[in-house]
Amino acid sequence: MLPIIEYSLSYSAPTGAERDALSALTLTPDARWHERMDHARFVVTALHEGTRVGVGIVHTSVTAPTMVPSPMELGGMFVHPAYRRLGIRQHMAEARLTYALSMGGTPITVIDNRNQASWGYYERSARWTPEREYTGYVTGLPMTIWVSTESSWYRTAMGLNPLVPAQPNTVLPHDASPQRPLALGPDQDNAVPA
Ligand SMILES: CC(C)(COP(=O)(O)OP(=O)(O)OC[C@H]1O[C@@H](n2cnc3c(N)ncnc32)[C@H](O)[C@@H]1OP(=O)(O)O)[C@@H](O)C(=O)NCCC(=O)NCCS
């Protein structure tokens, strides 16, 4: 039977015990990992029976030579090896993209060209297209920056209307949630125009 996976969202950089738990998921929580975590705007965590089994973030610590305006990088994606090929990345990637688009940035993601598990996914998706290839600063090997085809930057460059249909289950940050209407003052609760 397939495990029941739950997802939780956070809109701030993970700190303390939460940062430690997410870092423990990855094989190499190096300085770059923590730099991305420090600049996280959105974190989606996959949980199985309360245990963290996957993480993905949206951050603004962009070091890749992208040309897009206001880049928001979808990175820090990791799924525990025992939980792979269950669609967990698929789910977390959709949540990250919806968040980044809703914040008005240009969603990008950077893929090591050797990473088959990621390359195939982005290559097949109509929601992503390569922006440019460059040589990785650390690896010295080819990396590719992918950009969202739903971003205003891409659509405008393609001569398309920048508007896109609303996504179902749009994830909004707490600050952007609809506010309760302001209470009316004593003289304002009438239908007589001023
Ligand atoms: C890459 C990674 C996040 C994928 O997570 P996942 O939850 O297993 O991915 P999904 O189950 O959502 O896969 C969706 C699709 O991606 C493709 N895919 C996933 N893993 C793949 C692999 N190892 N080889 C080829 N294609 C793969 C498949 O098409 C898959 O659909 P399918 O299982 O129906 O064939 C996971 O393998 C991982 O954590 N790897 C180590 C860290 C890493 O590489 N992170 C990404 C950095 S860009």
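Rules behind the numbers
- Residues numbered from 1 in each chain as written.
- Predicted model: local features only at pLDDT ≥ 70, side-chain atom pairs only at ≥ 80, totals over all residues.
- Heavy atoms only, no water.
- Helix = DSSP H or I, 4+ residues; strand = E, 2+ residues; numbered from the N terminus.
- Salt bridge = Lys/Arg side-chain N within 4 Å of Asp/Glu carboxyl O.
- Buried < 20%, exposed > 50% of the residue type's maximum accessible area, 1.4 Å probe, protein only.
- Pairing = 2+ DSSP bridges.
- Polar contact = N/O pair within 3.5 Å; in protein donor to acceptor, adjacent residues only side chain to side chain.

An unreviewed UniProt entry lists the protein under the name GNAT superfamily N-acetyltransferase, from Paeniglutamicibacter psychrophenolicus.

Q: A description of unusual backbone geometry should follow, citing residues and the corresponding values.
A: Negative phi values dominate among residues other than glycine, just as trans dominates among peptide bonds. Even without glycine at this site, Glu 49 takes up a positive phi of about 50 degrees. Tracing the sequence through the fold places Glu 49 in the loop between strand 2 (40–48) and strand 3 (51–59). The backbone of Ser 70 shows a phi angle near 45 degrees, a positive value even though the residue is not glycine. Summarising the element assignment, Ser 70 is placed in the loop between strand 3 and strand 4 (71–79).

Q: Run through the pattern of salt bridges, naming residues and quoting values.
A: Applying the stated criterion to the full structure yields six salt bridges. Here Arg 19 ties to Asp 38 by a salt bridge, and the two come within 2.7 Å at their closest N and O atoms. Remark: Asp 38 occurs in helix 2 (residues 31–38) and Arg 19 occurs in helix 1 (residues 16–25); sequence separation between them is 19 residues. Judged by relative accessible area, which is 47%, Asp 38 ranks as partly exposed. Glu 150 is the salt-bridge partner of Arg 127, the closest N and O atoms lying 2.7 Å from each other. In this pair, Arg 127 sits in the loop between helix 4 (116–124) and strand 6 (128–135) while Glu 150 sits in the loop between strand 7 (142–148) and helix 5 (152–157), placing the two residues 23 residues apart along the sequence. Judged by relative accessible area, Arg 127 falls into the buried class, the value being 16%. Among the charged side chains, a salt-bridge network with shared partners connects Glu 94, Arg 127 and Glu 150.

Q: Tell me about the pairing of strand 5 (residues 106–112), and name the residues and values.
A: Among the seven residues of strand 5, seven are classified as buried, and the element is accordingly described as predominantly covered. Taking every second residue as pointing to the same face, both faces of strand 5 are buried, with Thr 106, Ile 108, Val 110 and Asp 112 on one and Pro 107, Thr 109 and Ile 111 on the other. The pairing of strand 4 with strand 5 spans three bridges and is classified as parallel. In the strand pairing of strand 5, Pro 71 is matched with Thr 106.

Q: Any chance you could break down helix 4 for me, citing the residues and the numbers?
A: Within helix 4, the full set of buried residues consists of Ser 118, Trp 119, Gly 120, Tyr 121 and Tyr 122. Its side-chain oxygen at 3.3 Å from the backbone nitrogen of Ala 117, Asn 115 defines the N-terminal cap of helix 4.

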